[in-house]
Amino acid sequence: METILVSACLLGDNVKYNGKNNYDERIEKLKELFDIVPICPEVFGGLPTPRIPSEIKGENVVNEKGKDVTYEFNKGAHKVINIVNFCHVRKALLMDRSPSCGVNKIYNGKFNGTLIDGMGYTAKLLKAKGVQLYTLDSIDELIESKGK
Ligand code: SF4
């Protein structure tokens with residue numbers, strides 16, 4: 001079976017900044033079709049759960065208290081890339097709007113709830129590595145891509 005990465009919060013793991021998850025029942029179909037490797041770049045980077053929310057600001061990532069957490073985000077992203085290399089991963093289903101996993105939208109770095117076009121820290125590296133990125137909005141395309 002093809003191996004894909006999935007944001008752990010979508011699988012129901014309580015790894016979100018607020019200690020909750022983003023479980024979506026459509027994931028159950030994916031489990032029948034793919035070998036799933038859960039990833040949470042922020043946890044991989046050593047950040048605690050729950051944690052202070054972060055947003056991308058220019059080239060850096062800062063949390064709501066103003067602390068620069070770029071090091072942790074970078075560390076987590078590179079751990080994900082190691083998995084991609086080791087497991088020959090070509091596809092990932094990621095949680096949009098996250099400063100790590102966002103594929104199409106992220107928050108604007110001002111902590112005012114405004115979304116802008118952009119990608120999360122890990123998502124950018126995955127894209128550069130040639131991994132095809134999907135979100136819940138395109139999960140049907142991912143299902144249809146099985147074996148392709
Ligand atoms: S870093 Fe990704 S997997 Fe972890 S909680 Fe945020 S969106 Fe979910």
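Everything that follows concerns the structure shown earlier in this document.
One numbering rule holds for all chains: residues counted from 1, following each sequence as written. Under the rules for a predicted model, residues below a pLDDT of 70 receive no local features and side-chain atom pairs below 80 are neither given nor counted, while totals for whole chains, interfaces and linings still include all residues.

K.L.:
Which parts of the structure should I look at to understand the nonpolar core?
P.N.:
As a rule of thumb, soluble globular proteins bury nonpolar side chains together. One nonpolar core equals one set of buried Ala, Val, Leu, Ile, Met, Phe, Trp, Tyr and Cys residues connected by C-beta atoms within 7 Å. To assign burial, the other C-beta atoms lying within 10 Å of each residue's own C-beta are counted, with C-beta atoms placed from the backbone; 20 or more indicates buried, 12 or fewer indicates exposed, and intermediate counts indicate partly exposed. Of all hydrophobic cores here, the largest spans 39 residues; its most connected members are Ala 92, Leu 93, Leu 94 and Leu 133. Taken together, the elements giving at least two residues each to this core come down to β1 (3–7), α2 (41–44), α3 (70–87), β5 (91–93), β6 (105–107), α4 (121–128) and β8 (132–134). Among the elements that take part in this core, α3 stands out by supplying four residues, more than any other. Ignoring any residue separated from it by four or fewer positions in sequence, one finds Ala 92 in contact with Ile 4, Leu 5, Leu 126, Val 131, Leu 133 and Tyr 134. Secondary structure elements follow DSSP: runs of H or I of four or more residues count as helices, runs of E of two or more count as strands, with numbering from the N terminus. Here, residues touch in the contact sense if the C-beta positions derived from the backbone fall within 7 Å of one another.

K.L.:
Is there a simple way to think about the environment of Val 6 in this case?
P.N.:
Residue position: Val 6 is located in strand β1. Accessibility expressed as a C-beta count within 10 Å gives 24 for Val 6, which makes it buried. For the pair Val 6 and Glu 42, spaced 36 residues apart in sequence, the C-alpha to C-alpha distance is 14 Å. If near-sequence neighbours (up to four positions away) are discounted, Val 6 is found in contact with Leu 11, Ile 36, Pro 38 and Leu 93.

K.L.:
How do you make sense of the site of the ligand when you look at a structure like this?
P.N.:
Being near a molecule or strand means, for a residue, that its backbone-placed C-beta atom lies within 6 Å of it. Around the ligand sit Ser 7, Ala 8, Cys 9, Val 15, Lys 16, Cys 40, Pro 41, Glu 42, Met 95, Ser 98, Ser 100 and Cys 101, and those are all the residues in its vicinity. Note that Gly is not counted as nonpolar here; it falls among the polar residues with everything else outside the nonpolar set of Ala, Val, Leu, Ile, Met, Phe, Trp, Tyr, Cys and Pro and the charged set of Asp, Glu, Lys and Arg. Its residues assigned to classes, the shell around the ligand shows seven nonpolar, three polar and two charged.

K.L.:
Can you help me understand unusual backbone geometry in this one?
P.N.:
Both trends apply: most residues other than glycine have a negative phi, and most peptide bonds are in trans. For the bond from Thr 49 to Pro 50, the omega torsion is -5 degrees, close enough to zero to count as cis. Its location among the elements puts Pro 50 in the loop between α2 and β3 (54–57). Although it is not a glycine, Arg 97 sits at a positive phi angle of roughly 80 degrees. Inspection of the secondary structure assignment puts Arg 97 in the loop between β5 and β6.

K.L.:
What is the right way to read the pairing of β3 from this model?
P.N.:
The side-chain alternation of β3 yields one buried face, formed by Ser 54 and Ile 56, and one unburied face, formed by Glu 55 and Lys 57. DSSP calls a pair of strands paired once it identifies at least 2 bridges connecting them. Where β3 meets strand β4 (residues 60–63), four bridges bridge the pair, whose relative direction is antiparallel. Within β4, the residue paired with Ser 54 across the bridge is Asn 63.

K.L.:
Would you take a moment to explain the sheet that holds β8 for this structure?
P.N.:
Strand order in the open sheet formed by four strands is β2-β1-β5-β8, with parallel pairing between adjacent strands. Sheet topology places β2 (35–39) and β8 at the edges, where each strand pairs with a single neighbour. On average, each strand axis in the sheet is inclined to that of its neighbour by 25 degrees, with strand direction left out of account. Both β5 and β8 contribute to a ladder of three bridges, which runs parallel. Looking at β8, one finds that Leu 93 is bridged to Tyr 134. Between N-to-C directions, angles span 0 to 180 degrees; the directions come from axes that are lines fitted to C-alpha atoms, helices contributing only their stretch in contact. Lying over the sheet, α3 contacts β1 and β2, oriented at roughly 160 degrees with respect to β2.

K.L.:
Would you take a moment to explain α4 for this structure?
P.N.:
Note: α-helices contain 3.6 residues per turn, so residues at a spacing of three or four share the same orientation. Of the residues making up α4, those classed as buried are Tyr 121, Thr 122, Ala 123 and Leu 126. On the buried face of α4, the contacting elements are α2, β3, β4, α3, β5 and β8. Immediately downstream of α4, the backbone of Gly 130 shows phi near 90 degrees, a positive value.

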